Amino acid sequence: MVPKRVLLLLLVTTLGLRCARNTERVALDEPITPPGTVEREPYLVTISDTSAVLRWSTYTPEQPGIRFWAEEAEGDTTELVLEEMGRDHTFQMLSLLPATEYTYQIQINDTLWSDAAGFRTFPKPGSKEPFAFLAFGDSGLRSAGQLAAADQLNQEEAALIIHMGDVAYVDGTVQEFTDNHFGVYAPLLKRVPFFPAPGDHDLRTAGGAPYIDAFTPPGGRPSSDSPLYYSFTYGSVRFISLDSKSSEEHAVEHGYLGDPSSEQYQWLLRQLSAARADPNIDWTMVYFHHPPYSASTGFGGHGSDLAIRRTISPLMDGYRVLLVFNGHDHDYQRSRPIRGNALAEDGEGTVYFVSGGGGGRTTFRGTGSDWFTAFSEQLYHYLRVQVDHYTVRIEAVNVDGNVFDEYEVTIPEDQRKTWTREAEPLALPGVGADEAAGTGGEAAAGSTDTGSPPQSPPPGTPPDTL
Ligand SMILES: [Fe+2]
């Protein structure tokens, strides 16, 4: 007999609530919410292997509720209705089963339930089950190009979405996020979690408050103290999302990626070290807005961010990060494998993708090519990335749903998991080669199968807190 699963659901804005367990199966064709009630359709702020956070907003204060169930939980439905009125509604579902399909409906004003929607919890960390994720950037303009790409995206089946910044043009206001993001991708966002990295436009209003409010789960991300950079795990992939915005000002500040003493840089070092030491992790994928390798120098093109290249690319080399995803330039670019700022063999270097064709430009005037360029084209598009254990396949998809570029990389056999024990020395900016070699070598020798970090961060780095 299957033990009764207790599905715990917490309300974030909890004050006076009533909770009921309903064992009756909910009909999927019950009435939908009245038109004009919901300002932001329900969207998944985050999902893990045991939890999910759902959020939506209404134009006027309403009384929200939610009910959800898993098919395999023997028909049990958890239902919760908040007695407090409000406009922004956040429900955190905890103690969920991993790799399980859930169905939910939201309620407005204690009467009508929405259409049913579904999501799938992540598998347990270390799972090797194949999965797909979507990646794009520079999208939120509500242009014809964005809407055309969204028509394709909204039909995709994927485990998660990463976004490389500039979610909402022009200034990242509350209204722009509502209209240019949530209003465009609602069919996708209600069933697939969205993990953004901030772009320059996203942080223009009130220090990025609308962006932070929209995408930060209650209590923040468990991997980071900052709402602007964080990591998460799906199966055997560790995703690391960074805030590269401050590189634009070339200022040494809290999160400046180009400054090795900054909090974000030090956090990144600990993340990379922990991911490499974690026996559950096969891949580390890093994404942020400003591209260290970009050949876009024509009209509206930004080109390579050399500060980021100098500071971040050595880390990608040192920790064997094979895939990096960027935006900012409004085109599609795939680099050749790069290691040590030179070309490398497949599987031996990092391939940098620029995927900034989400819709943030209404006209195109061509892209460029440089020594590192493998493929470059200026068009609306997004990336579909399929992970199958040691092999990852990236497909670039146009607004017609056709794949116009594809790239596949497999972790070389002699590098699988040996990364955790025999990684090459990390060349830190400002550190001599001998010194860097000593740091990496000593740490590598000291690593074990227990998952302890194999490489000591630079002096002054706090202990790993993961
Ligand atoms: Fe940008």
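Above this text you will find the structure in question.
The present account deals with the structure reproduced in this document. Quantities reported herein were computed from a predicted structural model and do not represent experimental measurements.

In terms of regular secondary structure, the protein is built from eight helices and 25 strands. Burial statistics for the protein: of 466 residues in total, 59% are counted as buried. Within the protein, residue pairs in contact and separated by at least 24 positions form 73% of the contacts whose partners lie at least 6 positions apart. Accessible area for the protein stands at about 18,200 Å²; split by element, carbon and sulfur atoms hold 50% of it.

Before going further, it helps to examine the sheet that holds strand β23 (residues 381-388). The strand order across the open sheet built from six strands is β13-β12-β11-β23-β24-β25, with neighbouring strands paired in mixed fashion. With partners counted over all chains shown, the strands left at the sheet margins are β13 (194-196) and β25 (403-410), one partner each. Across the sheet, the axes of successive neighbouring strands diverge by a mean angle of 20°, strand direction being ignored. As paired strands, strand β24 (residues 391-398) and β25 are joined by seven bridges and run antiparallel to one another. When the sheet's bridge partners are listed, I394 is paired in β25 with Y407. Across the sheet, helix α1 (residues 144-153) touches β11 (131-136), β23 and β24, and the angle it forms with β23 is around 25°.

Moving on to the sheet that holds strand β17 (residues 323-326). Pairing is mixed in the open sheet, where seven strands are placed in the order β14-β15-β16-β17-β21-β18-β22. Single-partner strands in this sheet number two, and they are β14 (230-234) and β22 (373-377). Neighbour to neighbour, the strand axes of the sheet diverge by 15° on average, direction disregarded. The strands touched by helix α5 (residues 263-277) are β14, β15 (237-241) and β16 (283-287); relative to β15, the strand with the most contacts, the crossing angle is about 175°.

The rules behind the values
- Residues numbered from 1 in each chain as written.
- Predicted model: local features only at pLDDT ≥ 70, side-chain atom pairs only at ≥ 80, totals over all residues.
- Heavy atoms only, no water.
- Helix = DSSP H or I, 4+ residues; strand = E, 2+ residues; numbered from the N terminus.
- Buried < 20%, exposed > 50% of the residue type's maximum accessible area, 1.4 Å probe, protein only.
- Contact = heavy atoms within 4.5 Å.
- Areas by Shrake-Rupley, 256 points an atom, 1.4 Å probe, with all protein chains shown as cover.
- Pairing = 2+ DSSP bridges.
- Axes fitted to C-alpha atoms, helices over the stretch in contact; angles between N-to-C directions.

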